[in-house]
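This is what each chain is made of:
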Amino acid sequence: MSQGLNSDCLQIIFSNLKEIPTIYSCSLVNKQWNEIAIPYLWENPFRYLNWVAIDSNVLENFSSVKNISDSKDPLKGNVMKESTVTFRRYENLLNSYLYFMEDNDKKKEIFVNPLNKSPLYNYSTYLKCLDIDRIINTIKNWSSDIKVEPILINLLYIFMKYSKNVIKLCFDPKFQDNNIIILSSFTYLNDNYNILFKEFLSNIKEFECSATYYSFQQCFDIYPSNNIFKFLFTIITNIKSFNMNIPGSFILLDNKFDESLNELSNFINSQHSINKLNLFFGLSFLSNNDIIFNLFKKFFINLEYLELEFENTFNLELKNEKFIKLKYLKFNSFILTKSLIYIINNSVNDNNNYYDNNNGGLEYISIETWQTSDNNHLLLLDAILLLNYHYLTYLHIPIVITNIESFKKSKNLCELFKNLNFLRFDSIIQPQINDIDYSNDILKVLKDYSSLNIKKFELFGWWNLLPENIKDFIDYKKSLKCYFKLYIDNDLSDGFSLLSSYFKDEILLLPFSSHIPD
């Protein structure tokens, strides 16, 4: 079968593979597969080296990465396992790049054990991400007896010469002590190889400042430092994607924050057009998340992708801001606020709510919140009902159906959005004794009155669903071959226990208590 796939098919397959071990296994099939897989293995090898062990077969021209965990559990997936990475693995990776140093630099003997033969590939040509802190940490972990800066300068010079596809620049706020090394190395390259250096950095389209793993609380200044931002903002001006991820283990010193923010603000304002924004701030990091989000104000009208995760309340005056090109919206915060609703409201073009799909139209909405106030859950339904229903294919929202008004609006939503492929309703408030619970009624709406053609459907935390109604609904969805997942209370009644034995592989009954934040 491996010989029956042409290169174009293999490129499509490998471009969709996410697991490095899988790509590595593919690289061992034959020469053709190896040649196509290698670029994907070497887009950012420093990322994997600093987390897990890279195979020493790098000397044999390609590397493998094992035991990568995708877990979001900080204790499992976000713990750097550098203790398992041997000296040999660091040396192999660095030497595979530094073989291509200038001869004059090789004579300086900055490396003790250079490769004796030419690697099969010049791996630097495949690099796409300049993960600067991980590169520095690789050098430091390779040997504590060498000066980091000369090695870093040589590596960067090689990347400047051969790595024409680098589009992403990454910093890690955990390693703020690298500031001096980075600034000094950048300054040296700019002074001595000005044209080449500026050409290299001017291709950067993605910027990321994300903490790679959680740790004990530490103080945080905006990283990289003011001096680095000041250095960069005249060179890098074409950022399209901006990602900042600061976990709750970082404590912000308010008295230093304003100074730290100045050059970050200048760097953001120097960009021509940011259309993808991803911000995550932990609970103890920043009491007012709006400060940083507001730095991107001039780009709101051009944003196509917006992902926000704030453990604090998100309150920003967005009533008059336009988001008319927004196609993807993902939001995670404890409380549903009007600021988020304004984003959805203002994603609608004034031209009768219809517009060219190339210019906007929300296609993906995922909102995960656990409390509502001031009838914001109703305002959210109103905002979604104003959208162009031809475009929306993915919808995940909190929902509170405890009165006839919320029931009718939920019913209208189900009837209008005919192109949904995925629908999830989170019931975020348990009905009180005196409340009317419309949970079973909405199941009837979804079954009898909806023209939805969804492929995947989920209900979370629905409190008073009757087993017979669930069974009736499931029978209907099974006839449509719809994947159905239901999260309900752990304290199952006898009826639910009997019902669970009825579920097949495509229909999952899952306890919801483990999914609710503390």
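No experiment lies behind these values; they were computed from the predicted model shown. (Residues numbered from 1 in each chain as written. Predicted model: local features only at pLDDT ≥ 70, side-chain atom pairs only at ≥ 80, totals over all residues. Heavy atoms only, no water.)

Caption draft 1: How the structure looks around the overall build of the protein chain. The helix and strand inventory of the protein chain stands at 19 helices and 17 strands. The burial tally for the protein chain puts 52% of its 518 residues in the buried class. For the protein chain, the accessible area works out to roughly 24,000 Å², and carbon and sulfur atoms hold 48% of it. (Helix = DSSP H or I, 4+ residues; strand = E, 2+ residues; numbered from the N terminus. Buried < 20%, exposed > 50% of the residue type's maximum accessible area, 1.4 Å probe, protein only. Areas by Shrake-Rupley, 256 points an atom, 1.4 Å probe, with all protein chains shown as cover.)

Caption draft 2: Fine view of the pairing of strand S2 (residues 168–171). Inspection of the sheet shows strand S1 (residues 129–131) paired to S2 by three bridges, in the parallel sense. Across the sheet, the residue bridging to Cys129 is Lys168, located in S2. Pairing of S2 with strand S3 (residues 206–210), which is carried by four bridges, proceeds in the parallel orientation. Directly across from Lys168, in S3, lies its bridge partner Glu206. (Pairing = 2+ DSSP bridges.)

Caption draft 3: Representation of the nonpolar core within the structure. Of all hydrophobic cores here, the largest spans 127 residues; its most connected members are Phe159, Leu232, Phe242, Phe293, Phe296, Leu306 and Ile397. In terms of residues, this core owes the most to one element, helix H8 (residues 148–162), which gives 10 residues. Other than its neighbours up to four places away in sequence, Leu232 contacts Leu169, Phe171, Phe186, Leu201 and Phe267. (Core = buried A, V, L, I, M, F, W, Y, C linked by side-chain atoms within 4.5 Å. Contact = heavy atoms within 4.5 Å.)

Caption draft 4: Region of interest: the side chain of Asn122. Within the secondary structure layout, Asn122 lies in the loop between helix H6 (103–106) and S1. One polar contact links Asn122 to Ser124, side chain to side chain, over a distance of 2.6 Å. Once residues lying within four places of it in the same chain are set aside, the contact partners of Asn122 are Phe100 and Tyr162. (Polar contact = N/O pair within 3.5 Å; in protein donor to acceptor, adjacent residues only side chain to side chain.)

Caption draft 5: The pattern of salt bridges, seen in detail. The final tally for this structure, using the stated rule, is eight salt bridges. As a salt-bridge pair, Lys140 and Asp177 come within 3.7 Å of each other at their nearest N and O atoms. Taken together, the positions of Lys140 in helix H7 (residues 132–142) and Asp177 in the loop between S2 and helix H9 (179–192) put the pair 37 residues apart, joining distant regions of the chain. You can call Asp177 exposed: its relative accessible area is 56%. Of the charged contacts in the structure, one is a salt bridge between Lys409 and Glu405, with a shortest N-O distance of 3.1 Å. With Lys409 and Glu405 both in helix H16 (residues 404–416), this residue pair falls four residues apart, about one helical turn. Taken together, the shared-partner salt bridges in this structure form one network comprising Asp382, Glu405 and Lys409. (Salt bridge = Lys/Arg side-chain N within 4 Å of Asp/Glu carboxyl O.)

Caption draft 6: Structural view of the packing of helix H14 (residues 338–345) against helix H15 (residues 376–385). Where H14 meets H15, the closest approach of the two axes is 9 Å, and the angle between their N-to-C directions is 10°. Considering the angle they form, H14 stands roughly parallel to H15. In contact with Lys338, Ile341, Ile344 and Asn345 of H14, H15 contributes Asn376, Leu379, Leu380, Ala383 and Ile384. Of the residues belonging to the contact of H14 with H15, the class tally is six nonpolar, two polar and one charged. (Axes fitted to C-alpha atoms, helices over the stretch in contact; angles between N-to-C directions. Parallel < 35°, antiparallel > 145°, perpendicular 65-115°, else oblique. Nonpolar A, V, L, I, M, F, W, Y, C, P; charged D, E, K, R; others polar.)

Caption draft 7: Highlighting the packing of aromatic side chains. On inspection of all chains with the given rule, the structure shows 26 aromatic pairs. Where Phe46 meets Tyr97, the ring centres are 5.7 Å apart and the plane angle is 15°; that geometry is what we call stacked. One end of the pair, Phe46, is in helix H4 (residues 45–49); the other, Tyr97, is in helix H5 (residues 87–98), with 51 residues separating them in the sequence. The residues Phe46 and Tyr97 share a single accessibility class, namely buried. A ring pair is formed by Phe242 and Phe296, whose centres lie 4.9 Å apart and whose planes are at 65°; its orientation type is edge-to-face. One end of the pair, Phe242, is in strand S5 (residues 241–246); the other, Phe296, is in the loop between helix H13 (290–294) and strand S8 (305–310), with 54 residues separating them in the sequence. When sorted by exposure, Phe242 lands in the same class as Phe296, which is buried. Three or more aromatic residues link up through ring pairs in this structure, and these residues are Trp42, Phe46, Tyr97, Tyr121, Tyr123, Tyr126 and Phe159. Of note, Lys276 hangs over the ring of Tyr305, and the distance from its end group to the ring centre comes to 4.5 Å. (Phe/Tyr/Trp six-rings, centres within 6.5 Å; stacked < 30°, edge-to-face > 60°. Lys NZ or Arg CZ within 6 Å of the ring centre and 35° of its normal.)

Caption draft 8: The arrangement of the confidence of the model for the protein chain in detail. Taken as a whole, the protein chain shows an average pLDDT of 76; of its residues, 67% reach a score of 70 or greater. Per-element mean pLDDT across the protein chain ranges from 50 in strand S17 (residues 507–511) up to 95 in helix H10 (residues 194–201). In this model residues 50–86 is a low-confidence stretch, pLDDT under 50, and it forms 93 contacts with partners more than four residues away in sequence or in other chains. (pLDDT = per-residue confidence, 0-100.)

Caption draft 9: Inspection of the UniProt feature "domain: F-box" (unreviewed entry) in the protein chain at higher detail. Sites flagged by UniProt as "domain: F-box" (unreviewed entry) map to residues 9–47. Helix makes up 74% of residues 9–47 and strand 0%, whereas the separation of the span's terminal C-alpha atoms amounts to 27 Å. (UniProt positions renumbered as here; feature names shortened; annotations may be inferred.)

Caption draft 10: Examining the packing of H7 against H8 more closely. One can describe the packing of H7 onto H8 by two numbers: an axis separation of 10 Å at closest approach and a directional angle of 130°. The orientation of H7 with respect to H8, classified from their angle, is oblique. Both H7 and H8 take part in a crossing whose hand is right-handed. Counted together, Ile132, Ile135, Ile136, Ile139 and Lys140 of H7 and Val148, Ile151, Leu152, Leu155, Leu156 and Phe159 of H8 form the full contact between these two elements. Here the residues of the contact of H7 with H8 are counted per class, giving 10 nonpolar, no polar and one charged. (Left-handed = near helix turned anticlockwise from the far one by under 90°.)

Caption draft 11: Representation of the state of the cysteines in the model. Scanning the model with the defined rule gives zero disulfides in all. Left unpaired, Cys129 is separated from the closest cysteine sulfur, that of Cys170, by 3.4 Å. Lacking any disulfide linkage, Cys209 is separated from the closest cysteine sulfur, that of Cys170, by 9.5 Å. (Disulfide = S-S within 2.5 Å.)

Caption draft 12: Geometry of H9. For H9, spanning 14 residues, the distance from its first C-alpha to its last is 20 Å, which sits close to the expected 20 Å at 1.5 Å a residue. Residues of H9 that are buried include every one of Asn179, Ile181, Ile182, Ser185, Phe186, Leu189 and Asn190, and no others. On the buried face of H9, the contacting elements are H7, H8, S2, H10 and helix H11 (226–232). (Expected span 1.5 Å × (residues − 1).)

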